[in-house]
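Below, each chain spelled out in residue letters.
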Amino acid sequence: MNKKLTIINIALALLAVLFGYLVYNSIRQPVVFTNTKTEREIKVVQNLKDIRSTQGLFKENYNRYTANFDSLIEFIKVGELPVVNIIPDPNDTTFTKTINDTVGYIKVLDSLFGNRPNFNVENLRYIPFSEPRQEFEIQAGYIVRGGMNVPVFEAKAHYNTYLIGLDPQRIRNEAAQREQLNRYPGMKVGSMTEPSVDGNWENL
């Protein structure tokens, strides 16, 4: 009788441990998902910020954005920006006018990424954590505002690309919540419908 009771007690103890683990895991999983999602999005957003900065300089040079990563990366590698010295106009008694004097040129790569020694320009196009490596979706064009053609661009990465390897159901839930709010299910910068270069992480 005692032996049978011991077996029952052991079985109950094992069930209690299993139940405790299931409860712990049910609490832990959403926390792990949220933390990992946040960590990955930090790197995705950094790439989108770099794309935005480069697109801004590209537009200054060509009066348009580009939807081609080859063109954007080539611009970073070989493009140059004028170094302008701004001085007051000596003939201006109101002290409001200036003279812009170009004193040299600096590489786009050095201007934007000179303080990032480990920056690899070739990785600009790729979505971090995507497997196999996938490129950001990128578009560029024009919209009409005030009777004028205004250049616009957009670059984005869907949840499915950079959250790969995490709980598929939680990814679907995140995407569904964003879509219900009419928001893009992932990270994006710029817009093809508005003259905006904001990132959607800045409007959360």
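Residues numbered from 1 in each chain as written. Predicted model: local features only at pLDDT ≥ 70, side-chain atom pairs only at ≥ 80, totals over all residues. Heavy atoms only, no water.

Caption draft 1: Seen up close, the packing of aromatic side chains. Under the defined criterion, the tally for this structure stands at six aromatic pairs. Arranged with centres 4.6 Å apart and planes meeting at 45°, the rings of F58 and Y62 form a pair that is tilted. On the criterion of helical spacing, the pair formed by F58 and Y62 is a turn pair, its members being four residues apart in helix α1 (residues 2-62). For F58, a relative accessible area of 3% puts it in the buried group. The partly exposed category is assigned to Y62, whose relative accessible area is 46%. With a centroid separation of 3.9 Å and an interplanar angle of 10°, the aromatic rings of F113 and F119 are classed as stacked. Overall, F113 belongs to the buried group, its relative accessible area being 5%. The buried category is assigned to F119, whose relative accessible area is 19%. Put simply, the rings of F58, Y62 and F75 touch in pairs and so form one group of aromatic residues. Sitting above the plane of the Y126 ring, R133 keeps its charged end 3.8 Å from the centroid. (Phe/Tyr/Trp six-rings, centres within 6.5 Å; stacked < 30°, edge-to-face > 60°. Helix = DSSP H or I, 4+ residues; strand = E, 2+ residues; numbered from the N terminus. Buried < 20%, exposed > 50% of the residue type's maximum accessible area, 1.4 Å probe, protein only. Lys NZ or Arg CZ within 6 Å of the ring centre and 35° of its normal.)

Caption draft 2: The sheet that holds strand β4 (residues 148-158), seen in detail. Pairing is antiparallel in the open sheet, where three strands are placed in the order β3-β4-β5. Every interior strand has two partners, whereas the edge strands, β3 (137-145) and β5 (186-190), have only one. Going across the sheet, the axis of each strand differs from the next one's by a mean of 25°, ignoring polarity. Pairing analysis gives nine bridges linking β3 to β4, with the strands arranged antiparallel. Bridge assignment links A140 to a residue of β4, and that residue is F153. (Pairing = 2+ DSSP bridges. Axes fitted to C-alpha atoms, helices over the stretch in contact; angles between N-to-C directions.)

Caption draft 3: Up close: the pattern of salt bridges. Going through the model one piece at a time under the given rule, you end up with eleven salt bridges. The closest approach of N and O atoms between E202 and R52, which form a salt bridge, is 3.3 Å. With E202 in the segment after β5 and R52 in helix α1, this pair connects stretches of sequence that are 150 residues apart. D167 serves as the salt-bridge partner of R170, at 3.4 Å between the closest nitrogen and oxygen. The exposure class assigned to R170 is partly exposed, which follows from its relative accessible area of 24%. The network of salt bridges with common partners includes D70, R125 and E135. (Salt bridge = Lys/Arg side-chain N within 4 Å of Asp/Glu carboxyl O.)

Caption draft 4: Inspection of the environment of D110 at higher detail. With respect to the helices and strands, the residue D110 is situated in helix α3 (residues 108-113). Expressed as a C-alpha distance, the spacing of D110 and L81, which sit 29 residues apart in the sequence, is 9.9 Å.

Caption draft 5: Expanded view of the layout of surface pockets. Taken as a whole, the largest pocket spans an internal volume of roughly 220 Å³. When residues of the lining of the largest pocket are assigned to their parent elements, the largest contribution, three residues, is made by β5. Residue composition of the lining of the largest pocket, grouped by class: two nonpolar, seven polar and five charged. (1 Å grid on protein atoms, 1.4 Å probe; cavity = no way out; pocket = protein on both sides within 12 Å on 5 of 7 lines; lining within 4 Å. Points joined across faces, edges and corners; volume = space filled by probe spheres on them. Nonpolar A, V, L, I, M, F, W, Y, C, P; charged D, E, K, R; others polar.)

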